[in-house]
Amino acid sequence: MAPPAIIAPSILSADFGALGKACSDTIGQGADWLHVDIMDGHFVPNMTFGAPVVTMIRPHVDRPKEAFGKGTFDCHMMIAEPKKWVKDFKKAGCDLYCFHYEAAISSTAAETPEGHSDQETSPKELIKYIHDQGLRAGIAIKPKTPVDVLYEILDNPNKEEVPDMALVMTVEPGFGGQKFMPDMMPKVEALRKRYPELNIEVDGGLGEKTIDTAADAGANVIVAGSAVFGAKDPSHVIKLLREAVEKRR
Ligand SMILES: O=C(CO)[C@@H](O)[C@H](O)COP(=O)(O)O
């Protein structure tokens, strides 16, 4: 059976002037996780914030009592140097560190004949490094990246090098409020078929009109920014997203 529904509002659409309160309110309205979008202006054409802001908002939400429990800070690292920030985000209160496959392979490509610098690492090495810091690891793919790049990573018999979650982007990363890309659903379907128990996250354009498509494909971790933070009744939207996923389990 597919894993349970997890609803993770993206705080990118929250009021940044009152972020701590927005985080605690959203958890109170029924969210499981908070999806924390970290953008560096290099990997994506937009910037948000770094570890100091995560440190400030963490006390507004109780730490999860178990892995993937309520209050998980799901940090989506849209950054060019994913290894560099693992320790800072661990210290700030991140629970799940989700890096982009594309960022990890471009740092591997920069490998020199002298060997790896501290920032050069393959996806599997980075996953192990994240696990070694006591964090859960996620791996994300952009819309143009084929899903089969994940198979070798997910099929690895060494569990320390295997991610705890795969994120299939359903918009080009960088901005909230974009249109959901239904043509990403074959990636989700392929992952669900091959890995029935994997946490599969979808992110971008999710809401009342698109959730059925994502849930039918097999996604169980649902990120929604504008649909939740722009709603008159966020609790209702969170409930609706959860029910759509649960109905298909
Ligand atoms: O990572 C991103 C954008 O890069 C997302 O997390 C968005 O913030 C989701 O926003 P909506 O599409 O739900 O408004």
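Report on the accompanying structure. Predicted model, so just to flag it, every value in this text is computed and none were measured.

1. Observations concerning the environment of Val-61
Mapping Val-61 onto the fold places it in the loop between helix H2 (51-57) and strand S3 (72-78). Given a relative accessible area of 5%, Val-61 falls into the buried group. Separated by 27 residues in sequence, Val-61 and Leu-34 have C-alpha atoms that sit 9.3 Å apart. Beyond its immediate stretch of four places on either side in the chain, Val-61 contacts Cys-23, Ser-24, Ile-27, Leu-34, Gly-71 and Phe-73.

2. Regarding the pattern of salt bridges
On inspection of all chains with the given rule, the structure shows 14 salt bridges. The residue Arg-242 makes a salt bridge to Asp-32 at a minimum N-O spacing of 2.9 Å. Linking Arg-242 in helix H10 (residues 234-246) with Asp-32 in the loop between helix H1 (19-28) and strand S2 (33-39), this pair joins segments that are 210 residues apart in sequence. The shortest N-O distance in the salt bridge between Lys-128 and Glu-160 comes to 3.9 Å. With Lys-128 in helix H5 (residues 123-132) and Glu-160 in the loop between helix H6 (149-154) and strand S6 (165-169), this residue pair connects regions lying 32 residues apart in the sequence. For Glu-160, a relative accessible area of 41% translates into the label partly exposed. A single network of salt bridges, built from pairs that share partners, joins Arg-58, Arg-63 and Asp-95.

What counts, and at which threshold
Per chain, the residues get numbers from 1 upward, laid out in the order the sequence is written. Selection of residues for local features in this predicted model requires a pLDDT of at least 70, selection of side-chain atom pairs for listing and counting requires 80 or more, and totals for whole chains, interfaces and linings are taken over all residues. Hydrogens and water molecules were not included; the side-chain quantities draw on all heavy atoms of the structure. Strands are runs of DSSP state E lasting at least 2 residues, helices are runs of H or I lasting at least 4, and numbering of each runs from the N terminus. Burial status follows relative accessibility: with a 1.4 Å probe on protein chains alone, a residue under 20% of its type maximum counts as buried, one over 50% as exposed, and anything between as partly exposed. Contacts are assigned to residue pairs with any non-hydrogen atoms lying within 4.5 Å of each other. Salt bridge criterion: a side-chain nitrogen from Lys or Arg within 4 Å of a carboxyl oxygen from Asp or Glu.

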